[in-house]
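Fold and geometry: a report
Okay, here's what each chain looks like letter by letter:
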Amino acid sequence: MIRIHRGLRKWIHLPKSQSSRMMSAAGKQCWKCSSHDVKNTFFCASCGVLRETSINDDYFKMLNLDKEFNIDGQKLTQNYRQIQSIIHPDKFSQKSEHEKAIALEWSSLINKAYKTLSRSIDRGKYLLALNGISISEENSSVDKEFLLKMMDVNESVEEAQTMDELKSIGSDVSIEIEELNSKLTELFHINDMNGAKEVIIRLKYVINIDSTIKEKMLHLKLNS
């Protein structure tokens, strides 16, 4: 009988509806025993070896989360840590070279999935990508009024000379980020992908300003 790590039980022994949700996106057969049993995302349910990764693996399924923008950050972190503790490459030091290589691929992919879903803007972009929508680096669909507003804020940041000035601007920027994230939650909930795309483009501008403020505050602090 195959022994399964107890930490994997909640990913393996799932109700039928959940087991189908947790299927490997590739749905491919096991590289070792050729089984097509895909009840578990990471391990073959027939022979117990670590399954191969796929370019089609879904980050939400991988981390056992519902595919939506408004996720539970605490659950994301808990699932990530548990999965990494189980499939970390060190756990496979005595396995075959092929399984060691697969463990490295999984570890890298899980890290990438976690980082992507942790940040609202990256999570939003990923959801758009799953729906066949991409955002180019030189997207020019933002209205002029918003761009002028961002230019004014950038100018204020450049002219700010004190920590208090930067904190004041940063407070307004933080509020703007919260409002855009709330709007994204609404748009993804009603499946308005084009609307979500426009908000994500705006969010990118505001987050860049937020980063500039934090960098300048750090510079002031180090030189005070």
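Above this text you will find the structure in question.
Starting from 1, residues in each chain are numbered consecutively following that chain's sequence as written. For this predicted model, a pLDDT threshold of at least 70 governs which residues receive local features, and a threshold of 80 or more governs which side-chain atom pairs are given and counted, while totals over whole chains, interfaces and linings are taken from all residues. To obtain the side-chain values, all non-hydrogen atoms of the structure were included, while hydrogens and water were left out.

**A few points about the layout of surface pockets**
The calculated volume of the second largest pocket comes to roughly 180 Å³. Forming the boundary of the second largest pocket are Lys67, Glu68, Phe69, Asn70, Leu127, Leu130, Asn131, Thr185, Phe188, His189 and Met193. Elements supplying a minimum of two residues to the lining of the second largest pocket: helix 6 (120-130) and helix 8 (163-189). Examining the composition of the lining of the second largest pocket, we find that three residues originate from one element, helix 8, more than from any other. Its residues placed into classes, the lining of the second largest pocket shows five nonpolar, four polar and two charged. Two domains each put at least three residues into the lining of the second largest pocket: domain 1 (38-118) and domain 2 (144-223). Within this scheme a cavity is a closed region of a 1 Å grid, computed over the protein atoms alone, that accommodates a 1.4 Å probe without allowing it to escape, whereas a pocket is open but has protein on both sides within 12 Å along at least five of seven lines; lining residues each have an atom within 4 Å of a point. Grid points are joined across faces, edges and corners, and a volume is the space filled by probe spheres set on the points. Every helix listed is a DSSP run of H or I at least four residues long, and every strand listed is a run of E at least two residues long, numbered separately from the N terminus. Under the convention adopted here, Pro, Cys and the residues Ala, Val, Leu, Ile, Met, Phe, Trp and Tyr are nonpolar, Asp, Glu, Lys and Arg are charged, and Gly plus all remaining residues are polar. Bear in mind that the domain bounds are from an automatic or database domain assignment.

**Brief notes about the environment of Leu218**
Tracing the sequence through the fold places Leu218 in helix 9 (residues 193-222). By relative accessible area, Leu218 is classed as partly exposed at 48%. The sequence separation of Leu218 and Met163 amounts to 55 residues, and the corresponding C-alpha distance is 9.4 Å. Each residue is assigned to one of three classes by its accessible area relative to the maximum for its type, calculated with a 1.4 Å probe on protein chains only: buried under 20%, partly exposed between the two thresholds, exposed over 50%.

**A word on the side chain of Ser54**
Note that Ser54 resides in the loop between helix 2 (16-21) and helix 3 (59-62). Classification of Ser54 by relative accessible area gives buried; the value is 15%. N or O atoms within 3.5 Å of each other form a polar contact, as long as, within protein, one can give a hydrogen and the other can take it, and as long as residues adjacent in sequence are counted only when both atoms are side-chain atoms. Polar contacts involving the side chain of Ser54 include one to the main-chain amide nitrogen of Asn56, which spans 3.0 Å.

**Focus on the state of the cysteines**
Only a pair of cysteine sulfur atoms within 2.5 Å qualifies as a disulfide here. Applying the stated criterion across every chain, the model contains zero disulfides. Of all cysteine sulfurs in the structure, the one in Cys47 sits closest to Cys30, which takes part in no disulfide; the separation is 3.7 Å. Not part of a disulfide, Cys33 finds its nearest cysteine sulfur in Cys44, a span of 3.6 Å. Taking relative accessible area as the criterion, Cys33 reaches 34% and is therefore assigned partly exposed.

**Notes on the packing of helix 5 (residues 97-118) against helix 6**
As a rule, the C-alpha atoms of each element are fitted with a line to give its axis, helices using only the stretch in contact, and angles between N-to-C directions run from 0 to 180 degrees. Close contact between helix 5 and helix 6 brings their axes to 5 Å; oriented N to C, the two are set at 105 degrees. Taken together, helix 5 and helix 6 sit at an angle that is classed as roughly perpendicular. Between helix 5 and helix 6, the residues in contact are Lys115, Thr116, Leu117 and Ser118 and Ser120, Asp122, Arg123 and Tyr126, respectively. Per-class residue counts for the contact of helix 5 with helix 6 are two nonpolar, three polar and three charged. Here is the rule for angles: anything less than 35 degrees is roughly parallel, anything more than 145 is roughly antiparallel, 65 through 115 is roughly perpendicular, and the remaining ranges are oblique. Residues are treated as being in contact if the distance between any of their heavy atoms lies within 4.5 Å.

**What to know about the environment of Phe69**
Mapped onto the elements of the fold, Phe69 is located in the loop between helix 3 and helix 4 (73-87). On the basis of relative accessibility, which here comes to 4%, the residue Phe69 falls in the buried class. In the structure, Phe69 is positioned 57 residues away from Tyr126 in sequence and 9.6 Å away in space, judged by C-alpha atoms. Excluding anything up to four places from it in sequence, Phe69 contacts Ser120, Arg123, Gly124, Leu127, Asn181, Leu184, Thr185 and Phe188.

**Looking at the packing of aromatic side chains**
Centres within 6.5 Å are what make two rings of Phe, Tyr or Trp a pair, Trp counting through its six-membered ring; a difference in plane orientation under 30 degrees is then read as stacked, over 60 as edge-to-face, and the rest as tilted. Under the criterion given, the structure shown has seven aromatic pairs. Ring geometry for Phe42 versus Trp106: centroids 4.9 Å apart, planes at 75 degrees, classification edge-to-face. Here Phe42 is found in the loop between helix 2 and helix 3, whereas its partner Trp106 is found in helix 5, with 64 residues between them in sequence. Judged by relative accessible area, which is 0%, Phe42 ranks as buried. A relative accessible area of 0% means that Trp106 is categorised as buried.

**Quick word on the side chain of Asp210**
When you line up the elements, Asp210 lands in helix 9. Here Asp210 falls in the buried class, since its relative accessible area comes to 13%.

**With respect to the pattern of salt bridges**
Each salt bridge in this description consists of a side-chain nitrogen of Lys or Arg and a carboxyl oxygen of Asp or Glu lying within 4 Å of one another. Scanning all chains against the criterion turns up six salt bridges. A salt bridge links Asp143 to Arg202; the shortest N-O distance between them is 2.2 Å. Pair noted here: Asp143 is in the loop between helix 6 and helix 7 (144-159) and Arg202 is in helix 9, with a separation of 59 residues, a long-range link. On the basis of relative accessible area, Asp143 is assigned to the partly exposed category, the value being 31%. Two residues, Lys149 and Glu176, come together in a salt bridge whose shortest N-O distance is 3.4 Å. Of the two residues, Lys149 sits in helix 7 while Glu176 sits in helix 8, which places them 27 residues apart along the sequence. For Glu176, a relative accessible area of 16% translates into the label buried.

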